[in-house]
Amino acid sequence: MSWDWKDVLQPLSVILSPDWTVEQSIVLLKEEGFEVGFVADNEEIIGYVTPSSLLNQLVNGDDKNGLIKPENNFLFVREDTQAKRIHNCFLVIGVDHSEKPTGYILMDDLQHQMNQLQLKSFNDALNSAEMGIVTMDASFHVQFMNEKAEQILGMKRSILQGRDYRKIIRMEESFDEVLEGQKWFGIENMFNFKVITGQFSPIYENGNIIGIIHNFYLKEQLKEAVHEVDFVQEMNEDLQAFYTLANEQILVVSASGTITRAAGAFFRHFWGEEDAGALKGKRIQEFVDKGIFIPDIVSAAIEKKSRVSLTQEGKKGAVLSTAAPIYVGGKLKKVIVFSKDITSADKEMGTNEEPVHESASMVSIIYRSRQMHRLMDEVKAVAPLDSTVLIHGESGVGKEVIARKIHDLSSRSDNAFIAVNCGAIPENLIESVLFGHEKGAFTGADTRRIGLFEEAHNGTVFLDEISELPLLMQVKLLRVLEEREIAKVGSVIPVKVNVRVVAASNKNIQKMVKANQFREDLFYRLHVVPVSIPPLRKRKEDIAPLAIHFLEELNEQFGKRKKISTDALNALESYQWPGNIRELRNMIERLVVVSKEELITETDVYRVLWANDADEQSFLTVKGIMPLKKAVDEVERQLIEQAVAKFGTATEAAKALDISISTVSRRMKRFNGAGGAEVDLFFRN
């Protein structure tokens, strides 16, 4: 549902003159109870003020008798056009055909109204269903009932809401099993001498089960209700998608190319639309014709009559999509499109005032996971404070990149950033490298040398692998941190230095302190602000955008045009990545070099992984709760595909799996026929 601006605009509040003082404006807004006052010059609105903006003027040192400073983050909109959320805008002012202002609305108020309308539409849809719907939380207390459930059970939701559903509905099966991921179909229950039949399913949110949904109908009305089963099943699938696909999107497109349903995540930056509801009823080709994104994966899947995977590039992002045509009785019914957002988080922050990327010489920070979002929030908070930072993280997670980000966001960003690997410098040279030396200080010191700390004056020194620093140097580093001065080798004259130290280690320094391998006083001096970077295996949402980013870089470097399939990305996500981001980049480079076709497939990924004799078991994965038979089929498919990919022939794969060649052939034909990944069986004598 949509509405025009004139349907939501409020009457314009008080009009102020630019020569009003801060005090006058605050008094007027308070007396009249207005949340905003508009500033007009010669009857033309030039800005607005709020109690908050006026108080900020006073906090910033302005005199109460000083003139007001109007805010200008607003837009004029035609009142007869469709209302929609506008980002980076505090309010809009509606105008009629003669450009005369007619009203205004704050963006927050608009969003609230839109949310209320969407919630009402959703509740109306549930209440219009001919099936009873009851949801309960993980403690089995009733949270929601639709009107049909009230009719069937003969009780108002106000009576049942909050009550333990186990005491209302009796069933032989255990509710606890549903909370463990089981689904119960065709379950009969008695309530008020009525026999009801339906299903119990878990409700997911971010991969966790948070409750149970019960869909049911009167058994005596079974025949009349049969035609509603498809509706309930589709609605339940949509609910599951809503709770489980936090970073993935599902589209249902009709045979004519019209979007009929959107579930899961919604990629605003990709579509150029404010919400998923705006997609319904539109044709995919419309977006392609307008240049919103390319290519049209739906047409490609229909033309091929089979599953298609490819990257769709948009003006403000990219998604990796898989489209599967659904045929019923040999006739195309619809196309299901599954998309994964591979736009880096940095690109999504294009409207922020902070720089989107590092300096031109640095690698971009690419991430989508909540863990990295929290980490970047920490980085943005600590960067301006000039405190010493100690970064923890496994080898290859990007400790130096985070250190550079801290430097770039600090007041020292215009000065030097010096990175030092403490474990790579010989012990007899490290003092000279860090602090410099005078001519003749030791054998070979033919000239005077400036150390890295002095070179980084007013900038940042990044001490990587600080745990490798010899104990004697730890004492001298502690003095530098405390006294902010250095002494060159061969000199007793101190030199003042103003540097910020960011240190990093892939070892547990706290344990080293207990083992007397690292000075306790230096540890606490460095450990002012600890920052921990999670390993890649614990933030798998980052693997796909990182892989795409590296692929684009390497394509440009090698003059290639390689693409990567969804199955290949899934294979990468199932790997544990002991070498983290460094290993991932090396892996993508190897795939670009060794893959024969333009499209990098799942088979290519497994071949490269096994080239290092990696642990094959780590590649078997079943994502989410599913029926046991389906899970067994999925593991069987992965085992056969991986064996064929590793050994190159069906004969050798069959030997490794201890099954016959004919079994391998039958299974692969079945998997491929069901839309599985295409795998070359390499039938050779």
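Reading the values: rules and limits
- Residues numbered from 1 in each chain as written.
- Predicted model: local features only at pLDDT ≥ 70, side-chain atom pairs only at ≥ 80, totals over all residues.
- Heavy atoms only, no water.
- Helix = DSSP H or I, 4+ residues; strand = E, 2+ residues; numbered from the N terminus.
- Buried < 20%, exposed > 50% of the residue type's maximum accessible area, 1.4 Å probe, protein only.
- Contact = heavy atoms within 4.5 Å.
- Areas by Shrake-Rupley, 256 points an atom, 1.4 Å probe, with all protein chains shown as cover.
- Pairing = 2+ DSSP bridges.
- Patch = residues over 30% accessible without salt bridge, like charges linked within 9 Å, V, L, I, M, F, W, Y side chains within 5 Å.
- Salt bridge = Lys/Arg side-chain N within 4 Å of Asp/Glu carboxyl O.
- Phe/Tyr/Trp six-rings, centres within 6.5 Å; stacked < 30°, edge-to-face > 60°.
- Axes fitted to C-alpha atoms, helices over the stretch in contact; angles between N-to-C directions.
- Arc of directions from axis to C-beta.
- Polar contact = N/O pair within 3.5 Å; in protein donor to acceptor, adjacent residues only side chain to side chain.

A. Main features of the overall build of the chain. When helices and strands are counted, the chain shows 26 helices and 28 strands. Every one of the 685 residues in the chain was classed for burial, and the buried ones make up 46%. Once local pairs closer than 6 in sequence are excluded, the contacts in the chain between residues at least 24 apart make up 57%. Of the accessible surface of the chain, which amounts to about 35,300 Å², a share of 50% is contributed by carbon and sulfur atoms.

B. View of the sheet that holds strand β1 (residues 15-16). Taken in spatial order, the three strands of this open sheet run β1-β2-β3, and their pairing is mixed. On the outer flanks of this sheet lie β1 and β3 (44-49), each paired with one strand and no other. As paired elements, β1 and strand β2 (residues 37-41) share two bridges and run parallel to each other. Bridging from a neighbouring strand, L16 pairs with V39 of β2.

C. Expanded view of the pairing of strand β18 (residues 389-392). Relative to strand β25 (residues 500-505), β18 runs parallel, the two being bridged by four bridges. Its bridge partner lying in β25, L390 is registered against A503. Pairing analysis gives four bridges linking β18 to strand β26 (residues 529-532), with the strands arranged parallel. Considered in β26, the bridge of V389 is made with V529.

D. Quick look at unusual backbone geometry. A cis amide bond, omega -5°, links I294 with the succeeding residue P295. Tracing the backbone shows P295 in the loop between β14 (293-294) and α11 (297-304). Even without a glycine there, the phi angle at E43 is positive, about 65°. For E43, the position within the fold is in the loop between β2 and β3. The exposure class assigned to E43 is exposed, which follows from its relative accessible area of 81%. Phi is positive for F140, close to 75°, though the residue is something other than glycine. Checked against the element boundaries, F140 lands in the loop between β7 (132-137) and β8 (142-145).

E. Highlighting a nonpolar patch on the surface. Side chains of F558, V593 and V594 sit close together on the surface and give an oily, nonpolar patch of about 250 Å² of accessible area. You can see V593 is positioned in helix α22 (residues 580-594). V593 gets classed as exposed once you look at its relative accessible area, which sits at 55%.

F. View of the packing of aromatic side chains. One pass over the full model with this rule turns up 13 aromatic pairs. Relative to F90, the ring of Y48 has its centre 5.3 Å away and its plane inclined at 10°; by these criteria the two rings are stacked. Placement of the pair is Y48 in strand β3 and F90 in the loop between β4 (74-78) and β5 (91-95), with a sequence separation of 42 residues. Members of the aromatic cluster, joined through ring pairs, are Y48, F74, F76 and F90.

G. Spatial organisation of the sheet that holds strand β19 (residues 417-421). Spatially, the five strands line up as an open sheet ordered β19-β22-β25-β18-β26, and their pairing is parallel. A strand with exactly one partner marks an edge of an open sheet, and here the two such strands are β19 and β26. Between one strand and the next, the sheet's axes are offset by a mean angle of 20°, whatever the strand orientation. The pairing of β19 with strand β22 (residues 460-464) spans five bridges and is parallel. Its bridge partner being in β22, F417 is matched across the sheet by T460. Against the sheet, helix α13 (residues 370-382) engages β18, β25 and β26, with an angle of about 155° to β26.

H. Highlighting helix α2 (residues 51-59). By the burial criterion, the buried members of α2 are S53, L54 and Q57. Taken down its axis, α2 places every buried residue within 100° of arc, on the same side. Those residues of α2 hidden inside the fold are in contact with α1 (22-32) and β3. Following α2 by one or two positions, G61 adopts a phi angle in the positive range, close to 105°.

I. How the structure looks around the side chain of Q474. Its place among the elements puts Q474 in helix α17 (residues 471-483). Of the polar contacts made by the side chain of Q474, one reaches the backbone oxygen of L469; its length is 2.8 Å. With sequence-adjacent residues up to four places away left out, Q474 is seen in contact with L469, Q517, F518, R519 and L522.

Any functional reading would require information that these geometric values do not contain.
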